[in-house]
Amino acid sequence: MRSAAVVGLLALALLGGCDKPQPAAEIRPVRTVTAVAGSDGELVSLTGHIRAQKEQSLAFRIDGRMIKRHVEVGQVVRPNDLIAELDPVPQRDALHEAQAKLAAAEATLHEARNNMERKRTLTGQGWSTKTDYDAAERTFNTAKAQLDVAKAQLHRAEDHFSYSELRADAPGVVISRSAEAGEVVKAGQTIVTVAQDGGTDAVFDVPATLMRQISPDVVATVSLTDDPRIRTTGRVRETAPQADPTTRSFRVKIGLDETPEAMRLGATVFGQARMLGSKGIELPSTALTMVDNKQAVWVVDPKSLQVSLRTVELDRHASSSVVVSQGIEPGELVVTAGVHALRPGQKVRLLGAP
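Residues numbered from 1 in each chain as written. Predicted model: local features only at pLDDT ≥ 70, side-chain atom pairs only at ≥ 80, totals over all residues. Heavy atoms only, no water.

Asker: Break down the pairing of strand 10 (residues 190-196) for me, with residues and values.
Answerer: Burial within strand 10 is extensive, with six of its seven residues counted as buried. Strand direction decides the pairing type here: strand 3 (residues 55-59) and strand 10, joined by five bridges, are antiparallel. Among the inter-strand pairings, Ala 59 is bridged to a residue of strand 10, identified as Thr 190. One ladder, built from five bridges, connects strand 8 (residues 172-177) with strand 10; its direction is antiparallel. Paired with Val 174 across the bridge in strand 10 is Val 194. (Buried < 20%, exposed > 50% of the residue type's maximum accessible area, 1.4 Å probe, protein only. Helix = DSSP H or I, 4+ residues; strand = E, 2+ residues; numbered from the N terminus. Pairing = 2+ DSSP bridges.)

Asker: Tell me about unusual backbone geometry, and name the residues and values.
Answerer: Unlike most non-glycine residues, Asn 80 shows phi in positive territory, near 75°. For Asn 80, the location among the structural elements is in the loop between strand 5 (76-77) and strand 6 (82-86). Despite not being glycine, Leu 305 has its phi angle at roughly 55°, a positive value. Note that Leu 305 resides in the loop between strand 18 (294-300) and strand 19 (307-311).

Asker: Residues and numbers for the packing of helix 2 (residues 89-125) against helix 3 (residues 130-162), please.
Answerer: Here helix 2 crosses helix 3 at 160°, and the two axes come no closer than 8 Å. Here helix 2 is positioned roughly antiparallel relative to helix 3, judged by the angle of their axes. Crossing of helix 2 against helix 3: the hand is left-handed. Taken together, the residues of the contact of helix 2 with helix 3 break down into 17 nonpolar, nine polar and twelve charged. (Axes fitted to C-alpha atoms, helices over the stretch in contact; angles between N-to-C directions. Parallel < 35°, antiparallel > 145°, perpendicular 65-115°, else oblique. Left-handed = near helix turned anticlockwise from the far one by under 90°. Nonpolar A, V, L, I, M, F, W, Y, C, P; charged D, E, K, R; others polar.)

Asker: Before we move on, could you go through the nonpolar core and cite the residues and values that matter?
Answerer: Residues Ile 50, Ala 202, Phe 204, Val 222 and Val 269 are the most contacted members of the largest nonpolar core, which totals 19 residues. Breaking this core down by element, the ones donating at least two residues are strand 2 (43-52), strand 11 (200-207), strand 12 (219-224), strand 14 (249-256) and strand 15 (268-274). If we ignore the near neighbours within four places in the chain, the residues touching Phe 204 are Leu 46, Thr 47, Gly 48, Val 222, Phe 250, Arg 251, Val 252, Ile 254, Val 269 and Gly 271. Formed by 17 residues, the second largest nonpolar core is a distinct cluster that contains Leu 58, Phe 60, Met 66 and Ala 168. (Core = buried A, V, L, I, M, F, W, Y, C linked by side-chain atoms within 4.5 Å. Contact = heavy atoms within 4.5 Å.)

Asker: Describe helix 3, naming the residues involved and giving the relevant values.
Answerer: Between its first and last C-alpha atoms helix 3 spans 49 Å; for 33 residues at 1.5 Å apiece the expected length is 48 Å, and the two agree. Within the span of helix 3, buried status applies to Tyr 133, Ala 136, Phe 140, Ala 143, Leu 147, Ala 150, Leu 154 and Ala 157. Considering only its buried residues, helix 3 is in contact with helix 2. (Expected span 1.5 Å × (residues − 1).)

Asker: Talk me through the side chain of Thr 193; I want residue IDs and the actual numbers.
Answerer: Structurally, Thr 193 is set in strand 10. On the basis of relative accessibility, which here comes to 12%, the residue Thr 193 falls in the buried class. Among all residues touching Thr 193, those that are not within four sequence positions of it are Glu 55, Gln 56, Ser 57, Val 173, Val 174, Ile 175 and Ser 176.

Asker: For the layout of surface pockets, give the residues involved together with the corresponding values.
Answerer: Roughly 270 Å³ of volume is contained in the second largest pocket. What lines the second largest pocket is a set of 17 residues, and nearest its centre among them are Val 206, Ile 214, Val 236, Val 252 and Ile 254. The set of elements that each furnish at least two residues to the lining of the second largest pocket consists of strand 2, strand 11, strand 13 (231-239), strand 14 and strand 15. In terms of residue count, strand 15 provides more of the lining of the second largest pocket than any other element does, three residues in total. Residues belonging to the lining of the second largest pocket are distributed by class as follows: 13 nonpolar, four polar and no charged. (1 Å grid on protein atoms, 1.4 Å probe; cavity = no way out; pocket = protein on both sides within 12 Å on 5 of 7 lines; lining within 4 Å. Points joined across faces, edges and corners; volume = space filled by probe spheres on them.)

Asker: Could you give an account of the pattern of salt bridges, naming the residues involved and the relevant values?
Answerer: Overall, the coordinates contain 17 salt bridges when judged by the stated rule. In this structure, Arg 177 engages Glu 180 in a salt bridge whose closest nitrogen and oxygen atoms are separated by 2.8 Å. Its salt-bridge partner being Glu 332, residue Arg 310 comes within 3.2 Å of it at the nearest N-O pair. Of the two residues, Arg 310 sits in strand 19 while Glu 332 sits in the loop between strand 21 (321-326) and strand 22 (333-337), which places them 22 residues apart along the sequence. (Salt bridge = Lys/Arg side-chain N within 4 Å of Asp/Glu carboxyl O.)

Asker: Before we move on, could you go through the sheet that holds strand 7 (residues 165-167) and cite the residues and values that matter?
Answerer: Taken together, four strands build an open sheet; the order of strands is 7-6-4-9 and the sheet is antiparallel. In this open sheet, the two edge strands, each paired with only one partner strand, are strand 7 and strand 9 (184-185). By the bridge criterion, three bridges tie strand 4 (residues 64-69) to strand 6 in an arrangement that is antiparallel. Across the sheet, the residue bridging to Lys 68 is Glu 85, located in strand 6.

Asker: Break down the sheet that holds strand 3 for me, citing the residues and quoting the values.
Answerer: One open sheet accounts for four strands, arranged 3-10-8-5; its pairing is antiparallel. Every interior strand has two partners, whereas the edge strands, strand 3 and strand 5, have only one. Bridge count between strand 5 and strand 8: two bridges; the pairing is antiparallel. Note that in strand 8 the partner of Val 76 across the bridge is Val 173.

Asker: How would you summarise the environment of Ala 337 if you had to cite specific residues and measurements?
Answerer: Note on placement: Ala 337 falls in strand 22. Using a relative accessible area of 31% as the deciding quantity, one classes Ala 337 as partly exposed. For the pair Ala 337 and Trp 298, spaced 39 residues apart in the sequence, the C-alpha separation amounts to 9.9 Å.

Asker: Could you give an account of helix 2, with specific residues and numbers?
Answerer: When the terminal C-alpha atoms of helix 2 are compared, their 55 Å separation across 37 residues agrees well with the 54 Å that a helix rising 1.5 Å per residue should span. Every buried residue of helix 2 is listed here: Gln 91, Leu 95, Ala 98, Leu 102, Ala 105, Leu 109, Ala 112 and Met 116. Looking at the buried side of helix 2, the elements it contacts are helix 3. Directly after helix 2, the chain includes Gly 126, whose backbone phi takes a positive value near 85°.

Structure follows, in structure tokens:
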């Protein structure tokens, strides 16, 4: 009887335990964002100036005293126009000296040729020795070589004489001058700078942060700062390979498709270009977690409100955001706060939801 009573009490205890409520599964509150496909980048604006695509510094090839400059800043020049002149007297004297040396060399060669011919005849008749003929032949060959040297010196003197005049190579406009009449100038020293015809650039100093976000083939809109109605378009023609050591910015030249007449050289312009858009889906960096040494995010099922772990590939990773190239689709809910306290299949409550 006692055993039966004990069994009965145990059965009652078990029945009583079945009536107690089970603890509910924990529901984690999380913050989420909706994945949105990347869009076009924002517009950036910079101030620059207009310059010719080709700027040529004209200089004399020889040293000398400049006696006259024929052009001023702003003057239009054409090919072969006279730009400046050096004192021609030293070069003229050198030319006359070279001409005299050439005449002397020709006379010496003529005498040496006649002497060699006489020695050849006398040697053939037995009146002279072979040694005398060989000496005459050497003298002739020496005189011939000296004539070649004299001709080369005359050619150089003629060139130097022509170098006393500085002429334009191509059409353009003078934008600066660097020497005045009466100055003694060195070979290669810039006399004037000419902006050549044939193309115009809008030049901008671009910060390094923007260089990484602007496409090389971007179309830029360029307008005058004092009259924005005057505008044109262009593309990147040249980019500096390294930053300026002082400003740490990069010099970028935009080749203009058309140049309005009002966009004169040196005019200040306002340039606009669109930065590269995001190729993937941008998320806050707090959405990232790791699984098996791979980047992953938690994705919420909008119907069951359960989370699942999804590995992703990143296109870019900044300090506060990431761009996901693969792993999630636009429209999916991604957890951005509370990612380290979740487990697969766990129910969540969306913060801010009713």
